[in-house]
Amino acid sequence: MLPDTFPDPLPPALRDLLQRDDPAPHAAMSRRSFLKLTGLGGLALGAFPLIAAAQGTAAKTESLKPTQQPSAFLHIDADGVVTVAINRLEFGQGVQTALPMILAEELDADWSKVRTRFGDSSPAYADPAYGMHITGGSNSVKNSFVQYRELGARARAMLLSAAAARWNVDVAALRTESGKVLGPGGRSLGYGELAEAAMAQPVPARVALKDPKNFRLIGRATPRLDGGAKSSGRQDFGIDVHLPGQLTAVIAHPPVFGARLRTVDDKAARRVKGVKAVLRVPLERGGEGVAVLADGYWPAKQGREALALEWDTAGVERVDSARQLAQYRELAAQPGPRHFDADMTPLDNAPHRIEAEFVFPYLAHAPMEPLNCTVRIGADGAELWVGTQFPGIDGQAAARVFGLKPEQVKVHVQMAGGGFGRRAVGSSDYVVEACEIAKAARAAGFDAPVRMVWSREDDIRGGYYRPMHLHRARIGFDGRGRVLAWDHVLVGQSIAAGTPFEGGMIKNGVDRSAVEGMREPYPLPMRLTVHHPKLNVPVLWWRSVGSTHTAFVMETLLDEIARATQQDPVAYRLALFGDQHPRHRAALQLAVDKSGYGKRRLPAGRAWGVAVHESFSSVVAYVVEASLQQGRPVLHRVTAGVHCNLAVNPRGVEAQVQGAAMMALSMCLPGAAITFKDGEVEQRNFDAYTVARITEAPEFDVHIVPSAEPPTGMGEPGLPPLAPAFANAIARLTGQPIRELPFQLA
């Protein structure tokens, strides 16, 4: 059971995580407004990194890295409005609010005057832990928590020093509060009044950070800064970029990955009003495509539809889903690299045994905003406007296309309408594609920016899917549910092979992202064999990566053991945790207590389902209520227990859990699969590729285990345990375990 009280010191807001104390609404500052503001002479505490550099060394400490300089992250105008640069892509995960909250906490800013802007591909905005530009792995808040606290604390110290100099008093006699420096005798100066002088102060290398018990913003449920614009349709995304003279391009991709063109008949396409050019361009995997360049998306799309293309697929592998499954089954019976290698001798004589096969299909990311990238080539370099998780890698890829140095390519990070990993591709596929089109357009005489836009069909059929996986398990256990031996085989493509991440992610032939979530946290004697076949299907991480399938396997099989030995699934898991996994225990117990599991009688025809899983250093437990209605599984209610250490913005954590759970629910629904026939993707749009609709949404209750420990990730951990919890509830109703996603009921 969870304790009735938690040890102090805790932020006051964390003592009651259910309280929704909404501050006054704010609006995020647009890039255009920010540029206008600085252009009109607003006083700044480091509007941009180049401004700070131009001011000499007085406002810098050379021992600090670019990621530690307030000048790159903070602007204070004469009216005291604070604009915070975020070093990540905002594509729904809430970092545009959480990161400014962290900085504003240590700055003692007036939250009603906080605005945001995006960083770019300059060194200041690299992940401070990885040293590269990346939004992924649920690491934004986790890796930048201390960074943004120190940025705010350094800026606050500079403001205090400026005020002390103006008043000719000891800085120790001053304090800050809500955007002001307060001094003896009731004196007060707003941050805007001090910004110019503060810029001339040395940047302190070391600063004292607040005691968490004094937090007033961190830990408080706070509405998102981008919520108003997004809910009213005023938010611009990458797809909305419009530059003077801009042309729009769409591209005809080969029906089979890597195929080349045999013939191109573009006469009808060129006759479409608004079409400017039809361009043959190279694509990745040795393939080719045809880009239609027009003065808008609709004529470009109509021009593409008018193309008569003949493709040469003879030299590329044509994957077929039925054949692929048969190949995977054959491979699963072969020896392969071992990730775990426990003794399997007890398996043959175990009193009870389970033999199971699980099949998981390819999955598309299917964000609401299809992929896009706008490119402008200049005399001395190039610029990209793109919602990217990898601005540095994408900028380098663009430089290679144009024959430029990386520093000659400027990447303007844009708001993105989802992505779930699809905007973090080692090959920079869609960015390179846009650059190749812009390069071909320039060679054809068009000196204009080019916006490349994918259609929904392009997005669904465009590859870089969550890999298809096959799991096989043979488990021996005794009458008390004690596992004696667990022999497991996993077959699936490696997402790291052939990418810049191969060296760090593949060890002894095993892609560690494929096996994450296997065995842990349970003390199981497991032998895990892994096969990574190579196929002509581009694959990539998908929200929660390997845990999308490993959590399902682990949590449904453990539930099956509990049922076979007539044990309560919660009690069984708690017993397996022992005293070694307090965060798992706390998250599960919180979900159990808040759901009424074991105490509340469910309506007739409903059953409980339970699952708990750790991914990206956070633990999420679900207790769900589900039923079968006319043979169709229905999810009614989800109660979540979340352990992510300190919740910077509990409202944001709640939103991420709900969004991740809905994405996981999509995995369970009929039609949630990408399949291949003779090398071609069979699904084209949402009529054939299922995502959960609002009519399928259950009721949600999200509860967070209070903690003052440094925060862990929350963009992905809410996804893995939902599908197994749902499946476990249905298995209790039918008596039959679910072995496949999407659910296949006999």
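These figures come from a predicted structure and were not determined experimentally.

Draft legend 1. Here's a closer look at the sheet that holds strand β25 (residues 632–643). Spatial ordering of the open sheet is given by β23-β24-β25-β28, a layout of four strands whose pairing is mixed. The open sheet terminates on both sides in strands that have one partner only, identified here as β23 (606–615) and β28 (699–704). When the angles between neighbouring strand axes are averaged without regard to direction, this sheet yields 20°. Here strand β24 (residues 618–629) pairs with β25 via eleven bridges, running antiparallel. Note that in β25 the partner of Val624 across the bridge is Val638.

Draft legend 2. Region of the structure containing the pairing of strand β15 (residues 382–386). Of all the five residues making up β15, four are buried; the element is thus mostly covered by neighbouring parts of the structure. Across four bridges, the pairing between strand β14 (residues 372–377) and β15 is antiparallel. Along β15, the bridge assignment pairs Arg376 with Glu383. The hairpin formed by β14 and β15 contains four residues between the paired strands. Two elements, β15 and strand β16 (residues 409–413), share five bridges in a ladder whose sense is parallel. Paired with Val386 across the strands is Val413, a residue of β16. Each parallel crossover has a hand, and the one from β15 via helix α10 (residues 391–402) to β16 is right-handed.

Draft legend 3. Representation of the state of the cysteines. Scanning the entire structure with this criterion turns up zero disulfides. The cysteine Cys373 is free of any disulfide, with Cys435 supplying the nearest cysteine sulfur at 5.6 Å. The exposure class assigned to Cys373 is buried, which follows from its relative accessible area of 0%.

Draft legend 4. Structural detail: the packing of aromatic side chains. A full pass over the atoms with the stated rule returns 15 aromatic pairs. With a centroid separation of 6.3 Å and an interplanar angle of 85°, the aromatic rings of Phe358 and Phe552 are classed as edge-to-face. Of this pair, Phe358 sits in strand β13 (residues 352–360) while Phe552 sits in helix α15 (residues 547–564), and the two are 194 residues apart along the sequence. Residues Phe358 and Phe552 agree in their burial class; the two are buried. Among the aromatic side chains, those forming a connected cluster through ring pairs are Phe257, Tyr362, Tyr465 and Phe676.

Draft legend 5. Region of interest: the pattern of salt bridges. Within the structure shown, the criterion is met by 47 salt bridges. In this structure, Arg88 and Asp127 form a salt bridge, with 2.7 Å as the shortest nitrogen-oxygen distance. With Arg88 in the loop between β2 (82–86) and α3 (95–107) and Asp127 in the loop between β3 (114–118) and α4 (140–167), the pair connects residues that are 39 residues apart, well separated along the chain. With a relative accessible area of 2%, Asp127 lands in the buried category. Put simply, Asp559 and Arg563 hold a salt bridge, and the shortest N to O gap is 3.1 Å. Here Arg563 and Asp559 lie together in helix α15, a separation of four residues that amounts to about one turn. Classification of Arg563 by relative accessible area gives partly exposed; the value is 22%.

Draft legend 6. Geometry of the domain arrangement of the protein. Here the protein is described as being made up of domain 1 (12–230), domain 2 (238–315 + 371–453) and domain 3 (335–363 + 464–734). Just the C-alpha atoms count here: the centres of domain 1 and domain 3 sit 38 Å apart. Across the contact, 25 residues belong to domain 1 and 24 residues belong to domain 3. In this assembly, domain 1 packs against domain 3 so that about 1,900 Å² is buried in total across both faces, 62% of it on carbon and sulfur atoms.

Draft legend 7. Here's a closer look at helix α5 (residues 191–199). Here α5 has its buried residues at Tyr191, Gly192, Leu194, Ala195, Ala198 and Met199. For α5, the buried positions fall inside an angular range of 150° around the axis, keeping them on one side.

Draft legend 8. Inspection of the nonpolar core at higher detail. Membership of the largest hydrophobic core comes to 120 residues, with the highest contact counts inside it found for Trp486, Tyr622 and Val642. Looking at this core element by element, the count peaks at ten residues for helix α18 (residues 650–668). Of the domains in this structure, domain 2 (238–315 + 371–453) and domain 3 (335–363 + 464–734) are the two that each give at least three residues to this core. Those residues within four positions of Trp486 in sequence are excluded, and the remaining contacts are Met344, Ala473, Arg474, Ile475, Leu524, Pro525, Met526, Arg527, Met554, Leu557 and Leu558.

Draft legend 9. Highlighting unusual backbone geometry. Here the bond from Glu520 into Pro521 is cis, since omega is 5°, no more than 30 degrees from zero. Take Pro521: it is sitting in the loop between α14 (512–515) and β22 (526–531). Across the junction of Leu741 and Pro742, the peptide omega takes the value -10°, indicating a cis bond. With a phi close to 55°, Ser138 is a non-glycine residue in the positive phi region. Mapped onto the fold, Ser138 is located in the loop between β3 and α4. Phi at Asn508 takes a positive value of approximately 55°, unusual for a residue other than glycine. Position of Asn508 relative to the elements: it lies in the loop between β20 (506–507) and β21 (510–511).

Draft legend 10. Up close: the sheet that holds strand β1 (residues 74–76). Strand order across the open sheet formed by three strands is β1-β2-β3, with mixed pairing between neighbours. The two strands at the open ends of the sheet, each matched to only one other strand, are β1 and β3. Pairs of neighbouring strands in the sheet enclose a mean axial angle of 25°, with direction left out of account. Examined bridge by bridge, β2 and β3 share five bridges and lie parallel to one another. The residue of β3 that forms the bridge with Val82 is Val114.

Draft legend 11. Structural detail: the packing of α4 against α5. At a minimum axis distance of 9 Å, the contact between α4 and α5 shows a crossing angle of 90°. Taken together, the axes of α4 and α5 lie roughly perpendicular to each other. Touching Met158, Leu159, Ala162, Ala163 and Arg166 of α4 are Tyr191, Glu193, Leu194, Ala195, Ala197 and Ala198, all from α5. Per-class residue counts for the contact of α4 with α5 are nine nonpolar, no polar and two charged.

Draft legend 12. Focus on the packing of helix α16 (residues 569–577) against helix α17 (residues 582–595). Relative to each other, α16 and α17 sit at 165°, their axes nearing to 10 Å. Between α16 and α17, the angle falls in the class roughly antiparallel. Relative to α17, α16 is oriented so that their crossing is left-handed. Contacts between α16 and α17 pair Val570, Arg573, Leu574 and Phe577 from the former with His584, Arg585, Leu588, Gln589 and Val592 from the latter. Taken together, the residues that form the contact of α16 with α17 break down as five nonpolar, two polar and two charged.

Draft legend 13. Representation of the environment of Gly476 in the model. Counting through the fold element by element, Gly476 comes out in strand β18 (residues 469–477). Take Gly476: its relative accessible area is 0%, and that puts it in the buried class. For the pair Gly476 and Asp487, spaced eleven residues apart in sequence, the C-alpha to C-alpha distance is 8.8 Å. Discounting chain neighbours no more than four positions away, the residues touching Gly476 are Leu347, Ala350, His352, Arg353, Arg482, Val483, Leu484 and Ala485.

Draft legend 14. How the structure looks around the environment of Ala607. Note that Ala607 resides in strand β23. With 119 residues separating them in the primary sequence, Ala607 and Phe726 have C-alpha atoms 9.5 Å apart.

Conventions adopted
- Residues numbered from 1 in each chain as written.
- Predicted model: local features only at pLDDT ≥ 70, side-chain atom pairs only at ≥ 80, totals over all residues.
- Heavy atoms only, no water.
- Pairing = 2+ DSSP bridges.
- Helix = DSSP H or I, 4+ residues; strand = E, 2+ residues; numbered from the N terminus.
- Axes fitted to C-alpha atoms, helices over the stretch in contact; angles between N-to-C directions.
- Buried < 20%, exposed > 50% of the residue type's maximum accessible area, 1.4 Å probe, protein only.
- Right-handed = clockwise from strand over helix to strand, strands pointing away.
- Disulfide = S-S within 2.5 Å.
- Phe/Tyr/Trp six-rings, centres within 6.5 Å; stacked < 30°, edge-to-face > 60°.
- Salt bridge = Lys/Arg side-chain N within 4 Å of Asp/Glu carboxyl O.
- Domains from an automatic or database assignment.
- Contact = heavy atoms within 4.5 Å.
- Buried area = accessible area lost by both parts, 1.4 Å probe.
- Arc of directions from axis to C-beta.
- Core = buried A, V, L, I, M, F, W, Y, C linked by side-chain atoms within 4.5 Å.
- Parallel < 35°, antiparallel > 145°, perpendicular 65-115°, else oblique.
- Nonpolar A, V, L, I, M, F, W, Y, C, P; charged D, E, K, R; others polar.
- Left-handed = near helix turned anticlockwise from the far one by under 90°.

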